[in-house]
Amino acid sequence: MNRARLRLGRHSRIGHSYILTTVTHGRRRYFDDPTAAQAVMDALHRIDTEGLTHSLAYVVMPDHIHWLVELRAFSLDYIMQRFKSSSALQVNRRLGRSGSFWQSSYHDHAIRSDESLFRHAMYVLGNPIRAGLTTQLGEYPHAWCRWNMDGTLQAVDHPESV
């Protein structure tokens, strides 16, 4: 789907939650490399620390990410541009490469109720299982969720960055 069609009907609302998905250029599997996956997780954490977002769950798959996030400032377009730019720079440095890193567009889905947040978080965390990368929730090293698998809130916001 082209970028203009993805933007139709897109509304960014501070305080609302979204699932954001973006894919690497050419669907290259950069995140098979743990240092590249860590760079992406570090970028997500930085954006939270800056107060722009409040992450609820994310998974860094081999060629894409899913990010369940509450928007705290600016717009989805700004947040994704900021995330893609900073993460691409860091991953390219770590992998000793240059050039296009992310596809130009992204997909967003607005979460309509607080009650569905945990269900959407479990969907995000289930991606590695559906892709055959692991067999249980919580085993995949490049995923994080604010809630425990039983639905209780975790005390720690983010795993420590490497």
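See the structure printed just above.
Cut-offs and rules
- Residues numbered from 1 in each chain as written.
- Predicted model: local features only at pLDDT ≥ 70, side-chain atom pairs only at ≥ 80, totals over all residues.
- Heavy atoms only, no water.
- Buried < 20%, exposed > 50% of the residue type's maximum accessible area, 1.4 Å probe, protein only.
- Helix = DSSP H or I, 4+ residues; strand = E, 2+ residues; numbered from the N terminus.
- Pairing = 2+ DSSP bridges.
- Core = buried A, V, L, I, M, F, W, Y, C linked by side-chain atoms within 4.5 Å.
- Contact = heavy atoms within 4.5 Å.
- Salt bridge = Lys/Arg side-chain N within 4 Å of Asp/Glu carboxyl O.
- Phe/Tyr/Trp six-rings, centres within 6.5 Å; stacked < 30°, edge-to-face > 60°.

Caption draft 1: How the structure looks around the pairing of strand E2 (residues 53–60). Of all eight residues in E2, seven are buried; the element is thus mostly enclosed. Sheet topology places E2 next to strand E3 (residues 64–71); seven bridges connect them, and they run antiparallel. Residue pairing for E3: His-54 is matched across the bridge by Glu-70. Here E2 folds back onto E3, and the loop between the two strands holds three residues.

Caption draft 2: Structural context of the nonpolar core. The biggest cluster of nonpolar side chains holds 30 residues, and the ones touching the most others in it are Leu-20, Phe-31, Val-40, Ile-65, Trp-67, Phe-83 and Trp-102. Put simply, the parts of the chain that give this core at least two residues each are strand E1 (17–23), helix H2 (34–49), E2, E3 and helix H3 (76–95). It is H2 that provides the largest number of residues to this core, a total of eight residues. Leaving out residues up to four positions away in the same chain, Trp-67 has contacts with Tyr-18, Ile-19, Leu-20, Leu-44, Ile-47, Thr-53, Ser-55, Ala-57, Tyr-58, Ile-79, Met-80 and Phe-83. Within the second largest apolar cluster, 15 residues are counted, among which are Leu-68, Ala-121, Leu-125 and Trp-147.

Caption draft 3: Up close: the pattern of salt bridges. The final tally for this structure, using the stated rule, is five salt bridges. Ionic pairing is found between Arg-29 and Asp-32, a salt bridge with its closest N-O pair at 2.9 Å. By relative accessible area, which is 49% here, Arg-29 ends up partly exposed. Residue classification places Asp-32 among the partly exposed positions, given a relative accessible area of 46%. Measuring nitrogen to oxygen at the nearest pair gives 3.1 Å for the salt bridge that ties Arg-72 to Glu-70. On the accessibility criterion, Arg-72 (40% relative accessible area) is partly exposed.

Caption draft 4: Focus on the packing of aromatic side chains. On inspection of all chains with the given rule, the structure shows nine aromatic pairs. Each ring, one from Phe-31 and one from Trp-102, has its centre 5.7 Å from the other, and the planes form 40 degrees; the classification is tilted. Of this pair, Phe-31 sits in the loop between E1 and H2 while Trp-102 sits in the loop between H3 and strand E4 (107–110), placing them 71 residues apart in sequence. Taken as a pair, Phe-31 and Trp-102 share a single burial class, namely buried.

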